Amino acid sequence: MTDANRTPALTAIVPAAGIGSRMGADCPKQYLLLAGKTILEHTLERLLTHPAIVQVIVALAPHDRWFDTLLVAQDARILRVEGGAERAFSVLNALHVAQGEWVLVHDAARPCLTHGDLDALIATAMASDGAILGSRVRDTMKRSDAAGNIIATVEREQLWHALTPQMFPTGPLKRALEEGLALGATITDEASAMERAGFVVRMVEGRADNIKVTRPEDLSLAGLFLSQQA
């Protein structure tokens, strides 16, 4: 745990090596246009304009041909690394070159992140082993079998949707990912690796408009949220 009164110089890691197959587009989803810019440009600008973030590491697919065409790619605070076949490998590659005591990892396709949510996340993470943004589950939750038949209604109290950014100390996160991957553990996000390593991860309630663009209908919704925030 670090002094909660001292705001760290943060490195943000953005895994951007995925192809986003569910979008059915002819380019990775992070390069789709949204309100005049690519999704990734919006995401990076949200991070780069926060005063605590001094470095952004973007993990790119080996044969990415789109990133260099973006104006934001020329920002001196951006460092590129090669991404891996899975998110955890991309994050780990970035952690090998990350500077500073703390990092936050943010999805490339979450362009609606606000500085208010970032401020709340940083404050909570600094006073603990780390923290992630999340939103409370509001709907009735059902569990089904493989055929789609409902087999249980799940109690939604204290259930959350895990969002990003997720913020942790650099060294412990690196070790947690390395150990988990070496043992073949299922690592769905950075928090799952830290939980597995025995750390207590705090949940910070974030805005519901911090959506991840995953399906075609998400694109217009993200555009609406961006216009409302502006």
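Structure's up top.
This is a predicted model, so every value here is computed, not measured. (Residues numbered from 1 in each chain as written. Predicted model: local features only at pLDDT ≥ 70, side-chain atom pairs only at ≥ 80, totals over all residues. Heavy atoms only, no water.)

## Re helix α4 (residues 170–182)
Residues three or four positions apart in an α-helix share a direction because the helix packs 3.6 residues into each turn. Between its first and last C-alpha, α4 extends 18 Å over 13 residues, near the 18 Å set by a 1.5 Å rise per residue. Buried within α4 are the following residues: Thr170, Pro172, Leu173, Ala176, Leu177 and Gly180. Residues of α4 that are buried make contact with α2 (87–95), β6 (102–105), β10 (160–169) and α5 (190–196). Once α4 finishes, Gly184 follows within two positions and takes phi at roughly 75°, a positive value. (Helix = DSSP H or I, 4+ residues; strand = E, 2+ residues; numbered from the N terminus. Expected span 1.5 Å × (residues − 1). Buried < 20%, exposed > 50% of the residue type's maximum accessible area, 1.4 Å probe, protein only. Contact = heavy atoms within 4.5 Å.)

## Let's talk about unusual backbone geometry
Along the chain, Thr164 connects to Pro165 via a cis peptide bond; the corresponding omega equals 10°. Among the secondary structure elements, Pro165 is positioned in strand β10. Positive phi outside glycine occurs at Ala35, with the angle close to 50°. Here Ala35 is to be found in the loop between β2 (33–34) and β3 (37–38). The backbone of Gln158 shows a phi angle near 65°, a positive value even though the residue is not glycine. Tracing the chain through its elements places Gln158 in the loop between β9 (150–154) and β10.

## Points about the packing of α2 against α4
At a minimum axis distance of 10 Å, the contact between α2 and α4 shows a crossing angle of 140°. The angle between α2 and α4 falls in the class oblique. Viewed along their axes, α2 and α4 form a crossing whose handedness is left-handed. Contacts from Ala88, Phe89, Val91, Leu92 and Leu95 of α2 reach α4 at Thr170, Leu173, Lys174, Leu177, Glu178 and Leu181. When its residues are assigned to classes, the contact of α2 with α4 shows 8 nonpolar, 1 polar and 2 charged. (Axes fitted to C-alpha atoms, helices over the stretch in contact; angles between N-to-C directions. Parallel < 35°, antiparallel > 145°, perpendicular 65-115°, else oblique. Left-handed = near helix turned anticlockwise from the far one by under 90°. Nonpolar A, V, L, I, M, F, W, Y, C, P; charged D, E, K, R; others polar.)

## Remarks on the pairing of strand β8 (residues 141–144)
Direction of pairing for β8 relative to β9: antiparallel, over a ladder of 4 bridges. In the strand pairing of β9, Ser144 is matched with Ile150. Counted between consecutive antiparallel strands, the loop separating β8 from β9 contains 5 residues, among which Gly148 sits at a positive phi close to 90°. (Pairing = 2+ DSSP bridges.)

## Regarding helix α1 (residues 39–48)
Judged by how many residues are buried, α1 sits mostly within the fold: 8 of 10 residues are covered. Those residues of α1 lying buried are Ile39, Leu40, Glu41, His42, Thr43, Leu44, Leu47 and Leu48.

## Comments concerning the pattern of salt bridges
Between side chains of opposite charge, a pair can form when the charged atoms approach closely. Considering all chains together, one arrives at 9 salt bridges under this definition. With its nearest N and O atoms 2.8 Å apart, the salt bridge here joins Glu190 to Arg87. One end of the pair, Glu190, is in helix α5; the other, Arg87, is in helix α2, with 103 residues separating them in the sequence. Taking the relative accessible area as the measure of exposure, Glu190 reaches 1% and is therefore buried. On the accessibility criterion, Arg87 (24% relative accessible area) is partly exposed. A salt bridge links Asp209 to Arg207; the shortest N-O distance between them is 2.6 Å. Taking relative accessible area as the criterion, Asp209 reaches 9% and is therefore assigned buried. (Salt bridge = Lys/Arg side-chain N within 4 Å of Asp/Glu carboxyl O.)

No statement about biological role is implied by the geometric values presented.
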